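Inside the fold
For reference, the chains in residue letters:
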Amino acid sequence: MDAEEFFNIFMDRLENLTKGTKESNFIKDTFGGVLSNELIAEADGQQLYGEREEPFLTIGLQVKNKKNIEQSLKAFVEGEMLEGENACMWEQINKKVNTLRRACLKRLPNYMIFMLKRFEFDYDTMQRHKINDYFEFPNRLNLEPYTQQGLRKAELAKKKAKQGDKPEDESSNKEETIEDELPPEYFDYKLTGIVIHLGTADSGHYYSLIQNREADPSVPEEKRWIEFNDTLVTPFDPKDIPNEAFGGEEK
């Protein structure tokens, strides 16, 4: 069982144990977010849009051929064009149209958990193996560029830039805005925990690096990190996170 399988089973059991109690929503309130699966197209000057919301507790990110978490998140929201025979049928206009299909973050959880995809199945060898590629992640991360709001803001900025040289008309007098825009701090996250795997895809050992969030406020953040390795619980210097957690060699 890998970390993601364990987490999902653990959350399922906690959810079953808390059903019917006042704590029944604590998992969703703590770790629950919402993805937006979008379909975006344009036909005959008409904007076409479809959306399906999907709850999540974790987000899986590609490690292979990605240098850092920003590259992986960019690929996550990039989406794909459905064209030609694969074009999307839109009922409101009763025809197929080339359509962008993408997923993005719509509502963020209080605690965001990313699962790095370091295990994959090789269909040539019919074996599972571990990806030990070097993969960086920062101590602080702003997720707005990978959210529905961030993507729409970027698209509006591009649209305004394209319209910059055009003469004004009545339609351009009405500026487009983002409804219910969330404040910048909503998207800011701080690293507080890491689960590390040692070994191969078939066997290995997990240990954790965790920041003590209940420490005395006078204690600097770099002094609050602890390594939990089975029965060994020791202070940890966060300067060693790149060495311990970024990969780059077989461990």
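See above for the structure.
Here is a short report on the structure shown in this document. On a predicted model such as this, the values are computed, not experimentally measured, just so you know.

1. Overview of the sheet that holds strand E7 (residues 99-107)
- The strand order across the open sheet formed by four strands is E2-E1-E7-E4, and the pairing between neighbours is antiparallel. Strands with a single pairing partner mark the edges of an open sheet, and in this sheet they are strand E2 (46-56) and strand E4 (80-82). Adjacent strand axes in the sheet meet at a mean angle of 30° when their direction is disregarded.
- When strand E1 (residues 33-43) meets E7, the two strands line up antiparallel, connected through seven bridges. Within E7, the residue paired with Leu39 across the bridge is Arg101.
- Against the sheet, helix H3 (residues 69-78) makes contact with E1, E4 and E7, and its axis sits at roughly 125° relative to E7, the strand it touches most.

2. With respect to unusual backbone geometry
- Phi angles above zero are rare outside glycine, and Asp44 is one such case at about 55°.
- You can see Asp44 is positioned in the loop between E1 and E2.
- Look at Asn94: it is not a glycine, yet its phi comes out positive at around 55°.
- Tracing the chain through its elements places Asn94 in the loop between strand E5 (88-90) and strand E6 (95-97).
- Using a relative accessible area of 63% as the deciding quantity, one classes Asn94 as exposed.

3. Thoughts on the pattern of salt bridges
- The full count for this structure, using the stated rule, is 13 salt bridges.
- As a salt-bridge pair, Arg152 and Glu38 come within 3.6 Å of each other at their nearest N and O atoms. One end of the pair, Arg152, is in helix H4 (residues 148-163); the other, Glu38, is in strand E1, with 114 residues separating them in the sequence.
- Between Glu51 and Lys106 there is a salt bridge, with the nearest N and O atoms lying 3.0 Å from each other. Highlighted residues: Glu51 in strand E2 and Lys106 in strand E7, separated in sequence by 55 residues.

4. Here we look at the packing of aromatic side chains
- In this structure the tally under the stated criterion is seven aromatic pairs.
- With a centroid separation of 6.3 Å and 55° between ring planes, the pair formed by Phe31 and Tyr111 is classed as tilted. Here Phe31 is found in helix H2 (residues 26-31), whereas its partner Tyr111 is found in the loop between E7 and strand E8 (114-117), with 80 residues between them in sequence.
- With a centroid separation of 5.1 Å and 90° between ring planes, the pair formed by Tyr186 and Phe187 is classed as edge-to-face.
- Tyr186 gets classed as partly exposed once you look at its relative accessible area, which sits at 27%.
- For Phe187, a relative accessible area of 1% translates into the label buried.
- Three or more aromatic residues link up through ring pairs in this structure, and these residues are Phe7, Phe31 and Tyr111.

5. Focus: the nonpolar core
- Ranked by internal contacts, the top residues of the largest apolar core, which has 31 residues, are Leu105, Met112, Phe137, Leu143, Ile194, Leu209 and Ile241.
- Considering each element in turn, this core owes the most residues, three residues, to H3.
- Beyond its immediate sequence surroundings of up to four residues, Phe137 is in contact with Ile69, Leu191, Ile194, Ile241, Ala245 and Phe246.

6. Quick notes on the sheet that holds strand E14 (residues 204-211)
- Ordered in space as E13-E14-E15-E16, the four strands form an open sheet in which the pairing is antiparallel. Of all strands in the sheet, those with a lone pairing partner are strand E13 (193-199) and strand E16 (232-235), marking the two edges. Each adjacent strand pair in this sheet contributes to an overall mean axis angle of 20°, direction not counted.
- Pairing of strand E15 (residues 225-229) with E16, which is carried by four bridges, proceeds in the antiparallel orientation. Following the sheet pairing, Asn229 is matched in E16 by Leu232.

Criteria and cut-off values
Residues numbered from 1 in each chain as written. Predicted model: local features only at pLDDT ≥ 70, side-chain atom pairs only at ≥ 80, totals over all residues. Heavy atoms only, no water. Pairing = 2+ DSSP bridges. Helix = DSSP H or I, 4+ residues; strand = E, 2+ residues; numbered from the N terminus. Axes fitted to C-alpha atoms, helices over the stretch in contact; angles between N-to-C directions. Contact = heavy atoms within 4.5 Å. Buried < 20%, exposed > 50% of the residue type's maximum accessible area, 1.4 Å probe, protein only. Salt bridge = Lys/Arg side-chain N within 4 Å of Asp/Glu carboxyl O. Phe/Tyr/Trp six-rings, centres within 6.5 Å; stacked < 30°, edge-to-face > 60°. Core = buried A, V, L, I, M, F, W, Y, C linked by side-chain atoms within 4.5 Å.

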